[in-house]
Structures are given as structure tokens and as C-alpha cells.
Amino acid sequence: MSGFDEEMLEEYVVEKFQKNGWNYIPAKELDRDDYRQPLLDRDLIRAIKRINSDKDLEDKEIIRAVKELKLRPSSPDGIKQVLHFLKNGITISSKRGRGITTIKLFDYTDIDKNDYIVTRQAVYQGVEQIRTDVMLYVNGIPLVNIELKNPASISETWMNAYADIKEYEKTVPELYKYVQIGVAAEQTAVHFPIVPHQEDVKKSMWREDSTDPIDSFIKMLSRDRILDLIKNYVFIREEMGAITKVITRYMQYNASEKIVRRVLAGINGEDDKNHGLIWHWQGSGKTLTMMFAANKLHNLKKLENPSIFFIVDRLDLKDQLYQEFVGVDAVQPEIIQNIDELKRIIRYDDYKGKKGVFITLIQKFKAEELEELSAELSKLNEIGKNNISNRKNVITFIDEAHRTQYGALAGQMRVILNSGFFFAFTGTPIAKKEKDTYQKFAYPPEERYMDRYFITDSIKDGFTVKIVYQPRVEKDINFDKKLIETFSEIEFEELTDGIREKVEVAVKNKIDAIDLFLENPDRIKLVANDIAKHFKEHVDGKFKAMIVAANRKSCVYYKRALDQILPTEYSEVIMHIGSKEKDPVIREFKAVQKSKYHGKNIDEIKKEVLEKFKEEDGLPKILIVTDMLLTGFDAPILQTMYLDKPLKEHRLLQAVARTNRPYKDVKEAGYIIDYIGMMKGKLHNAMEMYATDEIQGALYDIADIKEDFNRLMDETLDIFNEIPKNKYDMETLLKAIEILTANNDISETFVENYHNLRRLFEFLGTEPLKLERLEEYKWITAIYAYYQKMVTRDPVFDETVKKYYGKTIKFVHRTTEFEDFQKDLPVVEFDENYLENLEKNIRSDEEKAANIVFALNKLVLVKKKRDPIYESVADKVERILDMWKNRDKNFTEINALGTAIIKEIRVRRQEKKDLGLTDMEFSIFKILEQKFGENENFIGDVKELSSTLKEDIFEGWAEQRGVHKKIEGLLRRFLRRKYYKNYNMDMGEFEEFYQQIIAKVENYAE
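Looking at an unreviewed UniProt entry, one finds the protein named type I site-specific deoxyribonuclease, with Methanobacterium formicicum as its source organism. For the protein, the Catalytic activity (unreviewed entry) comment in UniProt is given as "Endonucleolytic cleavage of DNA to give random double-stranded fragments with terminal 5'-phosphates, ATP is simultaneously hydrolyzed." You can read under Sequence similarities (unreviewed entry) in the UniProt record for the protein the words "Belongs to the HsdR family."

Right, dumping it as C-alpha cells:
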């Protein structure tokens, strides 16, 4: 997009949509009555008749359906109902004795029956008037709002476009109850769900192979995808009592679509492949991917109401999956609690099996029970009786299928559902020793994974952050070498207390030795003191933490120890407690909890604690766990894990990945502090079980983070290799600004680098490296502060910086040197006294030129569409901005031209006021003067024109074709009478003149 400005980018986007089959309709030609009506009613009515032609609908029934849609409020509940209507149609009761009729708004089967419109610069009226850059309509319903910024701008990015849409949502809520997807773009593009009542929503980039971000989002919204997204990949989601929306990420869409295509190909007899293996890194949204695929498959007519099973091996995964389905407006699942319920579902409808979506915890069954059920179905097959085992429309999703603990049981389920489809998901790569997983679920060697999303891809896309692993080397805390070797030999690293009693004596003795060491109360007190110190210094007030204890008894000991150091409400234990608990320590703790939470049961307490933990200001701040929450738990605010439980391989990766969710763009990494010592100096050895390319980026040690900090520091300093470092004089800072603003790519790189450096500086805590490079970091921070004040005109400090970057504030901003620098930075506001204050406060031509250029850039170029005076000088501002970017710039000349522009703005502002002209009148007056020279009659002319048009100018006039044509006629006659003959204009010249004037009338007439 190099060389594009905002208007050119807008033209490019619209043209691309046109080439993809969208019909371009200029905003003024949209078939609507006024700006307050977001729907194109007549387009919608025509579409409803076309796609519901089989229903013999009366006009009044269609009008009732449209009215039902329009009457939904712009509240969270109303927005939920609108999306339901878009997906499923509107159900009305027929008054012709036909009962209930569902009227479809879109044809999801034959997409060519729908009407696709792209428009630009459409105006909508709400609390105030807004003008959107690009809007996509399907069947007269606005579905996508695209806001664009100048890719070459030095002061605006996609974040400004995102902020525009969030502001528009508040200004015209009636429009945004229909719009489902927002896109904010310049060189980069992000998409996000439209949720007007939510201050901020999750944003992500769409990727299409090697296509650039702009073309990628255009492809995402192509005619053959847009309705698929609305139907199957945008959902209302309820989280902690709040209603939000979720929209697919690109890798979720890709994986889900591959699953759907494989199932359809199998059902149609086009391909005999009936399984696949999907690896998406922990935290990238694997559960939602399964939900997207299952929901779409469930709704496909071709599958004739399938049976869809989810097999999981952990209670928390079962709960997470169930909550994911319940939390969105999708097909609702049924939980299979025991073997009797499974038999009921398998035997349903004379063994054809029950239809729907089912979630089961594989440990609920014994191998012999499944074998018995399998034998039962085999007998039916022998006599040729149709049953669930020979039905093709059965799809099974297996979560973490490589875990050997339940491989045999899952295998039995495969026998029972023999003719169906099996898709295995994993959040960690497949280990070298688990080659049989490929044989079961993939097609090696040509297809090891049906879809794969690498760890490094997830970090690059911003869906997860790095995980940093740091051993805590302390005497009397770490395992000794013998215990480490003992644990490494044991394959039962995740045994629960109940199962431990049944394992062989030799193994049990080894486990008991490990437990004896880890649950020693004196050792736990030592670790708890270290945890509390670290938490208070590095985590508290910004993020939250989790302690992973060796077993349930250790959890209780940790809680007691922490309560002696921190406020009791800071921490809470989450663990399984049975109704017939035998251990006296656990029984006593259970009694304390029930009393503390006023008699609530353990599940109710867990729900309440986890909801509060996820809240920014909620308590507790530290969770203490042992088995629960180590898989499936998603809390972006969780940053630090204090690991005091021996884990390895998949279990280790899954546990530490609880910390890898991004949080408010302030979380550099998840942080694992290891009190066991398993990884001390052996991190890479521990990962040798995985293929190198698949494990790359899984875990970093603190040395990697220091290397990142050094690399970013050097890379950022290299930007300024032409100027002396660590000097804070104005000449040096101005030279730095010149370098940054000479090229938009350089300024973007610098800002991104600084934001990353700032997060790293916070993350590195008390590392000596920070002191070694403090002076350089301080100097880079000074340049960033000056850039913010001078170029973007944004505050250096906001609430986020104050809360999350305390170390930068303490060690940089509050140093005497930096405070002196800040005081010396003159702030010259762009007001009526701007030039006088500039002359008084700033000495050098260079600094004056910078102030003038960036003040005009921020005000004129950003606001030119809304102000005729700014619009009239925009070309001149562009010219001095180009002069500034020139390496051999003349500061005196820039100052002279900039000063002339500012004086011209003043003169024109005063002139407009003295003449008593409106924005429209003044903009036309200036065109007349520019074209024909000064003439005192022009003032009377523009007022006469304004009076002529006045009766037909009202809110939304430009969108009404009849009114617009009348205005065009009045304007043409007026201009012909006043100027055509008087100035000897030919037809071509007159038409060009007319187009200039009508543009001003459309833009400024009120």
C-alpha cells in the first residue's frame, strides 16, 4: 500500500469488492428515505420475496417480518435477537391458517439469490451524524463497517480507525445493532465483532497465505464467505454474566472448513478419508474451533441431523467445552454422565442412536463396559440390522487424543462408532514416541496433520504470548538429583489421589517419597515466603498468579502459609473434594470453606472464586491448585505460575500454557517460576521428545528474554545511527524526529519496538541487564515521549502506562535528568495565539518547523473532510509535509509556508464569520473566487443559492433519490443562469464546475 492515501485506499478496497461480485452503489443512490434508517427497506423486501418464493407470502406478512426486525432494541438482548434473526430467519404466525411461518432474510444455500452492495461515504444519523468509509450490505441489511486510515500517515493507524467505529457505535446504535463485523485498516488490517455496549473487543488479523493484510480481509469478506461467517462463525457469547460476541480467527475457520469438507466428501462418496488430526497451540482457541465445526455440521441438511460426540479425558475440559456451547447461541449439548446414559443414547430409536451433540468424559467408562456395548452392536451388524455403528453421519471429536491414559478407551469408542468420522485435536505437538497417534488419526506420511497452527505463528499473530521459564535455585526447596531421576522414570506423573492407591507398590513407594518431600510444611513455608515477596514486587496490581502444588494436602498448607504473610482474601484453593473425604487435613479445610462461603457446596464456591479471579479488581489474586485448572482454564489476567509440582511432557506444556493468553497489550509473557528444579539447565533436553520445528517457541528461559531485549535495543538504536546517543538537547531530539518521520515504515517500527521494549523492561524485574542498558533505554524513552508530544500529539502518560509500566516510570520518567528534559519540552497549543506562542517559546527554525508541520498534519489532514477551511488548505499542508520528509529540507522555507497557511486559516475563519456564511456557503464562495476572481456579488449569490435549496435540505436529503434529483436540477439552473453565459463557459467546463459545487452541497448542506 506504499504511496496510497486514505482516499486511494478506499477506492482500492471498493474496486476489489466490485471485482469480487459486489455491486457498488454510491451512498446518495442507496434506496433509503433518510439517514436515520440503516436498513434499505425496499431492497430487503424484494430479497425476502425472492428467497422465500416457495412460501407464497403476502406483502403484509413480509412487512410484519421487517417490522419485527426493526423493532428489536439496540440493547444487548436486542442485538442478540437480531443476530438470531440473521442466522435463522424471523418466525411469524400466519393469519391465513398456515400456522407458524419462518421468513428467511438470507439464502444460505444459493448465495446468488442474495443482493450484495458495497457503498462508500454513507451518512447515518443518530445522536449525531456519522460518515462511514465503506459499508457492506446484503439484502439491504448493513453487515460490515470498514474504516480506513491513510497508510502513509505519520499520526494515524488502524487503531484510530478502530476508535472511530467504537465511537460510531455509541453515536448511531440503531445502525450497529445490524452490523456484525468491523474492520479497521491502513497498511495493516484487523477485524473484530461489533459489540456497542463493550468498551473494547478482541481484534485479530486475517491471513490468506502470502496475501497482504488488505487483500486478506477483502477475501475474508468475499461473497462466498460473508454469509458463511454470519451463519456459522459469529456468535453471541455470555461471559461472566456479560453479553459479548465471538468471531472466528483465520486458523479456526481454516481447520473447521477442512473438517466440514472432509465429512461432506465422505458422505457424498467422493473420498474415503474419515479422520484427521488437528494441532493448534494451547491458547489459540482450539475449543472454539471444535464448537464452530460441530455447530456447522449439525446444521447441514446433507447430514440429515447427525450425532456428534465430544470425548474428553478431564473434568475441567468437559466443563469448559460445555460452557463454551452454553455460552454461545449455538446447538446445545447433552452430557453423558455414565455408561447407562451412553447405552441409552446408542440404543435410541432401535439402535440407530440419538441425534444431537453429546459430551462425555472417557474415564466415566470401564473398558469391559465398552467392550460389552461393542459386542452388542456387532451382533446387530451380523444380522444386517442398521444401527449407529454403520451410520456415516456420526462425527466424533477427541480432545488431546495422544494421551495414553485413555487411548484404549477412546479406541473402544471408535469401534462402537465404526462408520463415522473421527477428528482428533491436540494443543501440544505429537511426541516422537507417539507415532501410533498419526496412524490412528492421520494419513502419514502425506498427511501427518490435517491442519496445524504452530506456536510461533500464534505468538506472531498475537493470540498467545511467550512463556518464560525460570528455575528458582534455592537450597532445601529444589528436588535433589535422585528425586528428579526417580520422577523422570515414572510414567504416572498425573495420577490422582484415588488412583495412586491402586498402582503397583514399587511405583507407589517412589511417589510417596516425592510427596513426602513436597508436602513438608516447613519447606512450603519457605517457598510461600518467596512467592509472596515476588508477587508483591512484580505481579500485584497488574496481573494475577497461580500456585501449582504437589497434591491437595500441599494446597491446604500453602493457603495456611500465605495467610500468615498476605491478606487472607488474596489467595484461594481450587481442588476436588469428595463427599466422603478421608484425609483429615482436607476434611478440616472443607469445613472451613463451607463456613466461609455460607454453606455453599464446593462446585458453587469454585464458580464464584473463578469468576472473581478473572475480574481485574476482583479477589482472589492467587489461585492454589494441584490438578484442577491445569488444562482448559482461560484467564488472560493470569501471568505468573509458581510451579511446585513435578510435571513433564504434555502435562507440563498444558499447565504452563495457562499463562500464555494476551492481556490488554501489556503482558509480555507468561512467567513460570519453578521450585522443583526439574528444568534447571535441562530445558531443551526435556523437549527433545518433540520434533524441532513443532516445539520451537514453546518455552523460553530468562536468557532468551534478555537476548530479545538486547536485540530490540540494538535494532532501535540503529534507527538513529546518524546522531549521537544519550544526548537530550533539542537539536538531537529534532534530528531523531526527522529520521522517524521521513518514512512511515520507520516510525511504525520505532513505536512497535518501543512498546515491546517497555514490556520487556517491566518483565525483566531486577535483572542486572536493565541497569547495564538503562541510559540507552532512558534515551529511547525520551525520543518516544518527544515523538508522542510533537508528532501524534498524544499524552505520554495514560492510565494504562501508570498502572502497568511502573518500573519505566520509576527508573526513567522520575529521574532528575528525564524530568528536566520533560520540563524543557515546550507545548504549544494550536489556538488563536499559536504563532505568537511559537515565536515566544521556541528559538530554532528546526523546532518551529517541526511544530508547525505536525500541528497542521494532525488538525488539517485528519479533519479536512469536516471543515471547508481545512479542506481549502489541505493541498498546501501536504506540500509542506512532503518538504519535511525531504532529506535536504529548508527549515526557513517550511516555517514561512507553514506560517502562511496558519495565517490563511485565521483569515478565512474570520472572513467566514464576518460574512455570516455557513460551511456550505463559504466552501462554494471560495470556489467562485478561485475560478472567476474576487467579486462582491458572489456573497449574495451563495446566500441566494442557499435560500433556493433551503426548503429541500433536511436530514438525509442526499439519500433520497427524488430530493437529490430536485436539488441537482435547482443547482444546475442556478449555475447556468448566473455563470454559464456570463463567463463564456463551454459544456465540458460547466459540467466540471457543476461537479465541484454539488460535491460541496452534498458534504456541507444541513
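Chemist: What am I meant to see in the overall build of the protein here?
Modeler: Check the secondary structure of the protein and you find 42 helices and 24 strands. In the protein, which comprises 1006 residues, the share counted as buried stands at 58%. For the protein, the proportion of contacts with a sequence separation of at least 24, taken over those separated by at least 6, is 74%. In the structure as shown, the protein presents an accessible area of about 43,300 Å², 47% of it carried by carbon and sulfur atoms.

Chemist: How should the pattern of salt bridges be read in this particular structure?
Modeler: Side-chain pairs of opposite charge can arise where the charged atoms are in close proximity. Summed over the entire model, instances satisfying the criterion amount to 72 salt bridges. Between R120 and E10 there is a salt bridge, and its shortest N-O distance comes to 2.7 Å. Residue R120 is located in strand β4 (residues 116-125), and its partner E10 is located in helix α1 (residues 6-19); the two are separated by 110 residues in the primary sequence. Judged by its relative accessible area of 2%, E10 is buried. The residue K177 makes a salt bridge to E174 at a minimum N-O spacing of 2.8 Å. A relative accessible area of 0% places K177 in the buried class.

Chemist: Can you walk me through helix α10 (residues 286-299) in this structure?
Modeler: Given 3.6 residues per turn, any residue in an α-helix points the same way as the ones three and four places further on. With 14 residues, α10 should reach 20 Å at 1.5 Å per residue; the first-to-last C-alpha distance of 20 Å fits that figure. Most of α10 is tucked away: 13 of the 14 residues are buried.

Chemist: Help me out: how do you make sense of the environment of I117 in this one?
Modeler: Mapped onto the fold, I117 is located in strand β4. What makes I117 buried here is its relative accessible area of 4%. The sequence separation of I117 and M135 amounts to 18 residues, and the corresponding C-alpha distance is 8.3 Å. Excluding residues that lie within four positions of it along the chain, I117 makes contacts with W22, N23, I25, L30, L40, D43, M135, L136 and Y137.

Chemist: Explain unusual backbone geometry here, please?
Modeler: Excluding glycine, a negative phi dihedral is what most residues carry, and trans is how most peptide bonds are arranged. Cis rather than trans, the peptide bond between P444 and P445 has omega equal to 0°. Relative to the helices and strands, P445 is located in the loop between α15 (435-441) and β17 (451-453). Look at the link from L619 to P620: it is a cis peptide, with omega at 15°. Here the phi dihedral of N726 falls at roughly 65°; this positive angle occurs in a residue that is not glycine.

Chemist: Could you clarify how one ought to interpret the sheet that holds strand β19 (residues 544-548) in this entry?
Modeler: What holds strands together in a sheet is hydrogen bonding between their backbones, with the strands either parallel or antiparallel. In spatial order, the strands read β20-β21-β19-β22-β23-β18-β24; together these seven strands make up an open sheet with parallel pairing. Unpaired on one side and paired on the other, β20 (571-573) and β24 (700-701) mark the two borders of the sheet. When β19 meets strand β22 (residues 638-643), the two strands line up parallel, connected through five bridges. Across the sheet, I547 pairs through a bridge with Y642, a residue of β22. Across the sheet, helix α21 (residues 552-563) is in contact with β19, β20 and β21 (622-625); its angle to β20 comes to roughly 165°.

Chemist: Is there a simple way to explain the sheet that holds strand β6 (residues 141-148) in this structure?
Modeler: Here we have six strands laid out as an open sheet, ordered β1-β4-β5-β6-β7-β8, and mixed in their pairing. Among the strands making up the open sheet, the edge pair consists of β1 (23-24) and β8 (189-193).

Chemist: Sorry, what's going on with the nonpolar core here?
Modeler: If you look at soluble globular proteins, the nonpolar side chains tend to sit buried side by side. Counting residues in each nonpolar core, the largest one holds 205 residues, and the members touching the most others are M546, L623, F720, F993 and V1001. Top contributing element to this core by residue count: helix α31 (residues 774-792), with 11 residues. Those residues in contact with F720, other than ones at most four positions away along the chain, are K725, A736, I739, L740, F750, W779 and I783. Grouped together as the second largest cluster of nonpolar side chains are 92 residues, I48, V263, L361 and F421 included.

Chemist: Explain the environment of L277 to me, please; I cannot follow it from the model alone.
Modeler: Structurally, L277 can be placed in strand β11 (residues 275-280). As for L277 and A442, which are separated by 165 residues in sequence, their C-alpha atoms are 5.5 Å apart. With near-sequence residues (within four places) excluded, L277 lies in contact with A424, T426, I430, T437, Y438, F441, A442, R448, Y449, M450 and D451.

Chemist: Is there a simple way to think about the pairing of strand β18 (residues 466-471) in this case?
Modeler: For a regular strand, side chains alternate in direction, first toward one face of the sheet and then toward the other. Of all six residues that make up β18, five are buried, and the element is covered over most of its length. Examined bridge by bridge, β18 and strand β23 (residues 669-674) share six bridges and lie parallel to one another. Paired with Q470 across the two strands is I673, which belongs to β23. Sheet topology places β18 next to β24; two bridges connect them, and they run parallel. When the bridges of β24 are listed, V468 appears paired with Y700.

Chemist: Looking at this structure, how should I read the packing of helix α37 (residues 868-885) against helix α38 (residues 891-915)?
Modeler: Taken N-terminus to C-terminus, the directions of α37 and α38 make an angle of 175°; their axes are 10 Å apart at the nearest point. Put simply, α37 runs roughly antiparallel to α38. Contact with α37, carried on its side by I869, Y870, S872, V873, K876, V877, I880, M883 and W884, involves F891, E893, I894, L897, G898, I901, E904, I905, R908, R909 and K912 of α38 and no other residues of that element.

Chemist: What should I look at first to understand the pairing of strand β12 (residues 307-312) in this one?
Modeler: Counting buried positions along β12 yields six of six residues, so the element is predominantly enclosed. Relative to strand β14 (residues 356-361), β12 runs parallel, the two being bridged by six bridges. Across the sheet, residue I311 finds its bridge partner in β14, namely T360. Relative to strand β15 (residues 394-399), β12 runs parallel, the two sharing five bridges. Across the sheet, residue F310 finds its bridge partner in β15, namely F397.

Criteria and thresholds
As a convention, each chain's residues are numbered from 1 in the sequence order in which they are written. pLDDT decides what is reported in this predicted model: residues at 70 or higher carry local features, side-chain atom pairs at 80 or more are listed and counted, and totals for whole chains, interfaces and linings draw on all residues regardless. With hydrogens and water excluded, all non-hydrogen atoms of the structure serve as input to the side-chain values. UniProt positions are given in the numbering used here, feature names are shortened, and annotations may be inferred rather than shown by experiment. In this description a helix means any DSSP run of H or I spanning at least four residues, a strand means any run of E spanning at least two, and both kinds are numbered starting from the N terminus. Partly exposed residues are those whose accessible area sits between 20% and 50% of the maximum for their type, while under 20% is buried and over 50% is exposed, using a 1.4 Å probe and protein chains only. Residue contacts follow a heavy-atom distance rule, with two residues in contact if any of their heavy atoms lie within 4.5 Å. Values of accessible area rely on a 1.4 Å probe in the Shrake-Rupley scheme; residue burial ignores everything except the protein chains shown. Any Lys or Arg side-chain nitrogen located within 4 Å of an Asp or Glu carboxyl oxygen qualifies as a salt bridge. Expected helix span is computed as 1.5 Å times (number of residues minus one). Strand pairing is assigned whenever DSSP identifies at least 2 bridges connecting the two strands. The axes are straight lines fitted to the C-alpha atoms, using for helices just the contacting stretch, and the angles between their N-to-C directions are given from 0 to 180°. By convention a nonpolar core is built from buried Ala, Val, Leu, Ile, Met, Phe, Trp, Tyr and Cys residues, the set being connected through side-chain atoms within 4.5 Å. Here is the rule for angles: anything less than 35 degrees is roughly parallel, anything more than 145 is roughly antiparallel, 65 through 115 is roughly perpendicular, and the remaining ranges are oblique.

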